[in-house]
2 protein chains.
Amino acid sequence: MLATCPSRTSLARIANKWTAMIVIALSERRMRFGELRTRVAGISGKVLTDTLRDLERDGIVTRIAFAEMPPRVEYELTALGRTLSEPLGALGLWAEQYFDQVQEARDAFDARPTT
Amino acid sequence: MLATCPSRTSLARIANKWTAMIVIALSERRMRFGELRTRVAGISGKVLTDTLRDLERDGIVTRIAFAEMPPRVEYELTALGRTLSEPLGALGLWAEQYFDQVQEARDAFDARPTT
DNA sequence: CCGTATCCTTCGCGATACTG
DNA sequence: CAGTATCGCGAAGGATACGG
């Protein structure tokens, strides 16, 4: 977090909604591309591909391609990825758990006079 | 995370690098605007203002303005914000702790043939 | 010092069409 | 089915200048 700390670059990568959602989905179990696309609803194919490639590059997921027709590709968390799934999972839980309070705060804020 | 779950919107807000860095900074102690700008290095004034306003709207930080000259404004986590600082703090720790492994994985990935 | 307003650039991301 | 390529929009974010 500190100004010049290089870990900021890795924080920027993981503090990202798509990364969070993908890692949370994969923390449950290994999954195929199409399955991921369904679970992480709203993501486009392009962005899913790009994000998975970045995560593979960073050693967080493993890409397993089967030489079949039609093609099948599965993605799985690495050991490193599994360590990451814990804080990200906690973040996902927070979002579920406190969403109502956030929503209330938003409504209250928006309802107050524009003065 | 699930397809239609509305908590996705709050996850998108908190799974964000600026949010993470600001909340982590404020988890240490209440802080002034200028101090935050220094601690969260690289952020522009505009983005810091915008993000803080969103966080205030979501009930995560409180804005305390002093009627002085020159002006002084402090930001502080709310009770809700403090609950959030735990998973985000964990994420920050992960980034520090595993940054080296991420870096190695990146280098290895980039070094491999473009086949 | 702490904003707000404006402008402009960059990039995330979705849509579509096409390949193995 | 999985992935690539291209295009384009809109949001994120930086720089600057100004106001209370």
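Conventions we followed
- Residues numbered from 1 in each chain as written.
- Chains lettered and ligands numbered in written order.
- Predicted model: local features only at pLDDT ≥ 70, side-chain atom pairs only at ≥ 80, totals over all residues.
- Heavy atoms only, no water.
- pLDDT = per-residue confidence, 0-100.
- Helix = DSSP H or I, 4+ residues; strand = E, 2+ residues; numbered from the N terminus.
- Near = heavy atom within 4 Å.
- Polar contact = N/O pair within 3.5 Å; in protein donor to acceptor, adjacent residues only side chain to side chain.
- Nonpolar A, V, L, I, M, F, W, Y, C, P; charged D, E, K, R; others polar.

- Chain A is annotated in an unreviewed UniProt entry as Transcriptional regulator from Agromyces albus.

**Here we look at the confidence of the model for chain A**
Then step 1. Predicted confidence across chain A gives a mean pLDDT of 91, with 95% of residues reaching 70 or more.
Then step 2. Confidence, read as mean pLDDT per element, is least for helix H1 (residues 7-14) of chain A in chain A (86) and greatest for strand E3 (residues 72-77) of chain A (98).

**A few points about the protein's contact with DNA strand C**
Then step 1. Near DNA strand C, the surroundings consist of 18 residues, among which A:Val47, A:Pro71, B:Arg53, B:Arg63 and B:Tyr75 are the closest.
Then step 2. Taking the atoms of DNA strand C that fall within 4 Å of the protein, sugar and phosphate contribute 66% of them.
Then step 3. Taking A:Trp18, its side chain carries an N or O atom lying 3.3 Å from a sugar or linking oxygen of DNA strand C.
Then step 4. The contact in question runs from a phosphate oxygen of DNA strand C to an N or O atom on the backbone of B:Gly34, over 3.2 Å.
Then step 5. When residues of the surface near DNA strand C are traced back to their parent elements, those giving at least two are helix H2 (17-28) and helix H4 (45-57) of chain A together with helix H3 (33-39), helix H4 (45-57) and strand E3 (72-77) of chain B.
Then step 6. Residue composition of the surface near DNA strand C, grouped by class: 8 nonpolar, 4 polar and 6 charged.

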